[in-house]
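Chain by chain, the residues run as shown.
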Amino acid sequence: MEKKTGTLVEQYAMSLLEVALEHEQLAPVKADVEAIVAIFEDNDLETVMSDFALSREDKASIIKLFQETSSTYVSNFLEIILHNEREDLLYAICQTFLVKEAQATNTHDILVTTAIEMSDEQKERLLALAKEKLTVAHGRLVERLDQSIIGGFIINANNKVIDTSIKSQLRQFKQNLK
């Protein structure tokens, strides 16, 4: 995405975020945006919307379908998208909104990679560790299994990583031997 388009996408996303925060409607707006993103991803709608062969009217009719089930603020936002003929940027705007919302509320997914499944107690301890060490106020624990790390864990959140995996330790040991 070129710089001018990226700036435009960010402006639209920030405008929607500011309206949602101002009117204390962040939860319903975020839910609507997440639903739009899910529909885009499930149906490869980004390719369809960026297709030059598809008429503006057809793109507008797709956006209007989103308006039917959206909250007032998202519906109004989609109307602005239609009015300014930015239908092809909707997916990027929604993704950027979710990133900006996570930054504004300091809510990030906490991805934990382990070699074996964790107990509930271990999950709670790792969640507390991630919140403390990675400065995440709120977060949803997302667990991923990867037997190649052999043991330990890797926590990713808020663009930070804690890696205590045996695989990483072996790699560091190998580097130190050179």
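Please refer to the structure higher up on the page.
These figures come from a predicted structure and were not determined experimentally.

S.K.: So what exactly am I meant to see when it comes to the overall build of the chain here?
M.R.: The helix and strand tally for the chain stands at 8 helices and 4 strands. Each helix and strand of the chain, placed in order from N terminus to C terminus, yields the pattern α-α-α-α-α-α-β-α-β-β-β-α. Relative to its length of 178 residues, the chain is extended, with a C-alpha radius of gyration of 20 Å against a globular reference of 16 Å. Taken over the C-alpha atoms alone, the chain extends approximately 60 × 35 × 30 Å along its principal axes. The proportion of buried residues among the 178 residues of the chain is 34%.

S.K.: What exactly am I supposed to notice about the nonpolar core here?
M.R.: Nonpolar side chains in soluble globular proteins tend to end up buried together. Core analysis: the largest hydrophobic core is formed by 30 residues, its most contacted members being Ile36, Phe40, Phe66, Leu90, Ile93 and Phe97. If we skip the residues at most four places from it in the chain, Ile36 touches Phe66, Val74, Leu78, Leu90 and Cys94. In this structure, Val112, Val136, Ile155 and Ile162 belong to the second largest nonpolar core, which totals 10 residues.

S.K.: What is the right way to look at helix H5 (residues 72-83) in this model?
M.R.: An α-helix turns once per 3.6 residues; consequently, residues spaced three or four apart project the same way. A rise of 1.5 Å per residue sets the reference length of H5, with its 12 residues, at 16 Å; its end C-alpha atoms lie 16 Å apart and thus fit the reference within 8%. Among the residues making up H5, those that are buried are Val74, Ser75, Phe77, Leu78, Ile81 and Leu82. All buried residues of H5 lie within an arc of 160 degrees about the axis, which places them on one face of the element. Residues of H5 that are exposed and point more than 90 degrees away from the buried face comprise Thr72 and His83. Residues of H5 that are buried make contact with helix H1 (3-22), helix H2 (26-43), helix H4 (56-69) and helix H6 (90-105).

S.K.: I would appreciate a short explanation of unusual backbone geometry in the present structure.
M.R.: Backbone geometry follows two general trends: most residues other than glycine have a negative phi, and most peptide bonds adopt the trans configuration. The phi dihedral of Asp44 falls on the positive side, at around 50 degrees, and the residue is not glycine. For Asp44, the location among the structural elements is in the loop between H2 and helix H3 (45-49). What makes Asp44 partly exposed here is its relative accessible area of 46%. At Ile150, a residue that is not glycine, the phi angle is positive and equals roughly 70 degrees. One can find Ile150 in the loop between strand E2 (138-145) and strand E3 (153-157). On the accessibility criterion, Ile150 (51% relative accessible area) is exposed.

S.K.: Can you help me understand the pairing of E3 in this one?
M.R.: A regular strand places its side chains so that they alternate between the two faces of the sheet. Relative to E3, strand E1 (residues 107-114) runs antiparallel, the two being bridged by 4 bridges. In the sheet register, Thr113 faces E3, and the bridge partner there is Ile154. As judged from the 4 bridges shared by E3 and strand E4 (residues 160-163), these two strands associate in the antiparallel manner. Looking at the pairing, Asn156 lines up with Val161 of E4.

S.K.: Just to check I follow, could you spell out the packing of H4 against H5 for this structure?
M.R.: Each pair of packed helices can be described by the angle between their axes along with the distance between the axes. It is the contact of H4 with H5, at a shortest axis distance of 9 Å, that shows an interaxial angle of 175 degrees. By the angle class used here, H4 and H5 are roughly antiparallel. In this structure, H4 contributes Arg56, Ala60, Ile63, Lys64, Phe66 and Gln67 to the contact, and H5 contributes Ser75, Leu78, Glu79, Leu82 and His83. Residues belonging to the contact of H4 with H5 are distributed by class as follows: 5 nonpolar, 3 polar and 3 charged.

Rules of the game
Residues numbered from 1 in each chain as written. Predicted model: local features only at pLDDT ≥ 70, side-chain atom pairs only at ≥ 80, totals over all residues. Heavy atoms only, no water. Helix = DSSP H or I, 4+ residues; strand = E, 2+ residues; numbered from the N terminus. Rg over C-alpha atoms; globule rule 2.2 N^0.38 Å. Buried < 20%, exposed > 50% of the residue type's maximum accessible area, 1.4 Å probe, protein only. Core = buried A, V, L, I, M, F, W, Y, C linked by side-chain atoms within 4.5 Å. Contact = heavy atoms within 4.5 Å. Expected span 1.5 Å × (residues − 1). Arc of directions from axis to C-beta. Pairing = 2+ DSSP bridges. Axes fitted to C-alpha atoms, helices over the stretch in contact; angles between N-to-C directions. Parallel < 35°, antiparallel > 145°, perpendicular 65-115°, else oblique. Nonpolar A, V, L, I, M, F, W, Y, C, P; charged D, E, K, R; others polar.

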